[in-house]
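Report on the structure
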Amino acid sequence: MVADPACPIASLDLLSQQQHDDVIRWNECARTFAPFQPVHRSFAQHALETPHAPALLFGAETISYAVLDRRANAIARHLQAQGVRPGALVGISMQRSPDLVAAFLAVLKTGAAYLPLDPDHPPARLSATICDVGASVVLTDVGATQLPAMSGVRVLDLGAISPGQKEGGPAVEIDPQSLAYVIYTSGSTGVPKGVAVAHGPFAMHCDATAELYEMGGQSRELHFLSFTFDGAHERLWTALSCGAALVMRDADLWSAEQTLDVMRAQQVTNAGFPPAYLQQLADFAAWRGDPPPVSLYSFGGEAMPKSGFDKVRRALRPRKLINGYGPTETVVTPLVWKVDADAEIDCAYAPIGRPVGRRSALVLDGDLNIVPVGVIGELHIGGEGLASGYWNRPGLTAERFIPDPFGEPGARLYRTGDLARWRADGVIDYVGRSDHQLKIRGFRIEPGEVEARLMHQTGVRSAVVVARDIGGRQQLIGYVSGADDLDETSLRTALLQELPDYMVPARIVPLTQMPLTAHGKVDRDALPAPEQLPGDTNYVAPQTPAEVTLAAIWAELLGRSRVGLTDNFFELGGDSIISLQVVGRARQRGLSIEPRDLFRHQTLQELARVARSDAALDVSARPIEPDEGAVPLLPIQRRFFTEDAGERHHWNQAVLLLPGARLDWDAMARAVVAVVSHHDALRMQFVEVDGEWQARYGEMPSIADLLWTRTVAGAADTTSVAATAQASLSLQGPLLRLIGM
């Protein structure tokens, strides 16, 4: 500043030379890449070299690389006969099956690009997407949604295409800049936007990802994600381009139990899930005590909290864990954080890691200056792994994909809108968003798109959509104002005809007027929390054991004070992810239901009627008299007693609680007696006989054993009493003690 007083402050470089060198080093790509080869050519090479190796495992069916290649070649020749040429766009609206994978392959073999469509989305949204992208051909199957007639669009039934013989596929030259696929994401202007991804960046990304995930011909990956999610295409093509086998989920939702069983039976080595579902797997594996021997789990799409990370590594016990981060515009996951499963994290959420492949990751301020370590800025992604841009949106492309001031001429940066900061070792932490963009169930949602659809409804003059934490999870909540007779049910029904279910607010709250800030903008912080639904006034209490059990589970997961017989799961805020949690918790409490049961039988009463009682687990079948005598060890208990755990009696937990008012110790005594009386497991005793540990139910402890009351004079006394009490617990009983001080 002294040398040049006219120098703008915004242009001053605050980094030392060492800090600049660190940023360069953190963005260096040490590995060398093979010459460009598109992913479908890599697949075809494996089909030639290892034709009998399994490519897909779908239920009881195993499809080899050679068989899948022949099927794709037949579809590709048929598409060419229908006029599909290089550079064209082909829509694919099909249920999950081997033919769906063959269709993706076939389109790429013709030199065209594919547009993945979810057949369960509303027909109006599907047709709007097809018309927006300009696809002239759409592949479907018998299980897909009936598409409305569209001018200039031919809908081809894949089932009508004859199986391939041994003829080869089309020989079409592919350039690195040739389009591979277009995938649509939520748009802030009210219209979804297509992200166009070219072959070069995608092939580079899959090559680098296979190495990071330690994948090869020996690998088996469970493919779980929806194909409208870009992560599903990374997992598909990474596996098929490196010779691995894909264990493919069908179109049904899988419960945690089913997923764990399939991974064990199929000897899965790699699996990727949204964080919420991975935590469900960990919960169920911890309860059952027998995690499958999966070597590497990956997760992404939303932040993984520390508590969830710790749960996953303890319960699932993999060798490695990977957190994948990235907007669709940066070709799936431009950053990953890979650690051994015994790693600890010292922050609220798992870090998002380092750049993948030939990419750069920069944390910049508003003037595009690099910020120092620990300072929050906007994350920008550069290098080769960027999308081409937004389909037919040059203005938006220019706004989000900007010239890279630190790169070679022509290099670009993508402005993610995500706030981040560097750690001292170059690992990047995600901090939050710089705008209102949301992540619900792993899906990226622009509130503006949902708000625009609400504004189109009769009587709505103003609409705001936010995410709120309800029942321990993020839910989409809409607020509307306008006519006096705005009806929540009617508005949700209308949105379900236009939007995917994950974009439809769980609740829509009519307001007389929107709260405003002093500057006249909507005050989002002042929006009221949704009240209980009016239907709660018509409450009908559950009566049968199945109804009572399911009502308790719904109340826990949906954040409700009570749930009645006529309550509808989805109207209370349920969704597909929560339905899987219902299935898992019901299983643990002795009731067997399938995820599809919640979609077919949506009220509590209807669901209870189809729930099957599992005699081996059914808590409601327990005799009125307390359980007595010997009991077999659970798998997790057997593992505990076979491991070298040191002084086993000291493996207990303690918590110190400070009440806000004086407690009634007689009432506390009655409460702890009631808890131990109800939960027979708290009377368990474990003894070692001839080198073998055995379990049995003990006598009901006395009140004096369960509740100690002590007078303490200060912190030292408190610590001493607590240590004595904790040391008094024993595997021979008691397992529980309450201390009042």
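Structural data are supplied above this passage.
Residues numbered from 1 in each chain as written. Predicted model: local features only at pLDDT ≥ 70, side-chain atom pairs only at ≥ 80, totals over all residues. Heavy atoms only, no water.

**Thoughts on the sheet that holds strand β12 (residues 296–300)**
To keep it simple, the criterion reads: A pair of strands is considered paired only if DSSP assigns at least 2 bridges between the two. Secondary structure follows DSSP: runs of H or I at least 4 residues long count as helices, runs of E at least 2 residues long count as strands, and numbering of each begins at the N terminus. Two residues qualify as a contact provided that any one of their heavy atoms is within 4.5 Å of a heavy atom in the partner residue. As a rule, the C-alpha atoms of each element are fitted with a line to give its axis, helices using only the stretch in contact, and angles between N-to-C directions run from 0 to 180 degrees.
Taken together, 9 strands build an open sheet; the order of strands is β2-β1-β10-β9-β11-β12-β13-β14-β15 and the sheet is mixed. Sheet topology places β2 (61–64) and β15 (354–355) at the edges, where each strand pairs with a single neighbour. As judged from the 4 bridges shared by strand β11 (residues 270–273) and β12, these two strands associate in the parallel manner. Paired with Asn 270 across the two strands is Leu 296, which belongs to β12. This element, helix α10 (residues 306–316), spans β12, β13 (320–325) and β14 (335–340) of the sheet and lies at about 145 degrees to β13.

**Here's the deal with the pattern of salt bridges**
To keep things clear, this is the line we draw: What makes a salt bridge here is a side-chain nitrogen of Lys or Arg within 4 Å of a carboxyl oxygen of Asp or Glu, nothing more. Think of it in three bands: with a 1.4 Å probe and only protein chains considered, a residue is buried below 20% of the maximum accessible area for its type, exposed above 50%, and partly exposed in between.
Scanning the entire structure with this criterion turns up 32 salt bridges. The salt bridge involving Lys 306 is made with Asp 310; its shortest N-O contact spans 3.1 Å. Taken together, the residues span about one helical turn, with Lys 306 and Asp 310 both in helix α10 at a distance of 4 residues. The partly exposed category is assigned to Lys 306, whose relative accessible area is 27%. The residue Lys 306 makes a salt bridge to Glu 344 at a minimum N-O spacing of 4.0 Å. In this pair, Lys 306 is assigned in helix α10 and Glu 344 in the loop between β14 and β15, connecting sequence segments 38 residues apart.

**Quick word on the packing of helix α2 (residues 39–49) against helix α3 (residues 65–81)**
This is how it is decided: Comment on the angle field: the value is read as roughly parallel under 35 degrees, roughly antiparallel over 145, roughly perpendicular from 65 to 115, and oblique elsewhere. Crossing handedness follows the turn of the near helix against the far one: under a right angle anticlockwise gives a left-handed crossing, and clockwise gives a right-handed one. Each residue is assigned to one class: nonpolar for Ala, Val, Leu, Ile, Met, Phe, Trp, Tyr, Cys and Pro, charged for Asp, Glu, Lys and Arg, and polar for all the others, Gly among them.
α3 packs onto α2 with a crossing angle of 130 degrees between their chain directions and a minimal axis gap of 8 Å. As far as their axial angle goes, α3 and α2 are oblique. Viewed along their axes, α2 and α3 form a crossing whose handedness is left-handed. Between α2, through Phe 43, Ala 44, His 46 and Ala 47, and α3, the contact on the second element is made entirely by Tyr 65, Ala 66, Leu 68 and Asp 69. Counted by class, the contact of α2 with α3 contains 6 nonpolar, 1 polar and 1 charged residues.

**Here's the deal with the pairing of strand β4 (residues 113–117)**
The line we're drawing: When the strands point away from the viewer, a crossover counts as right-handed if the route from the first strand across the helix to the second turns clockwise.
Within β4, 5 of the 5 residues are buried, leaving the element largely enclosed by the surrounding structure. Of the two faces of β4, the one carrying Ala 113, Leu 115 and Leu 117 and the one carrying Tyr 114 and Pro 116 are both buried. Across 5 bridges, strand β3 (residues 89–93) lies against β4 in parallel orientation. In the strand pairing of β4, Gly 91 is matched with Leu 115. In the classification by handedness, the crossover that spans β3, the intervening helix α4 (residues 98–109) and the parallel β4 is right-handed.

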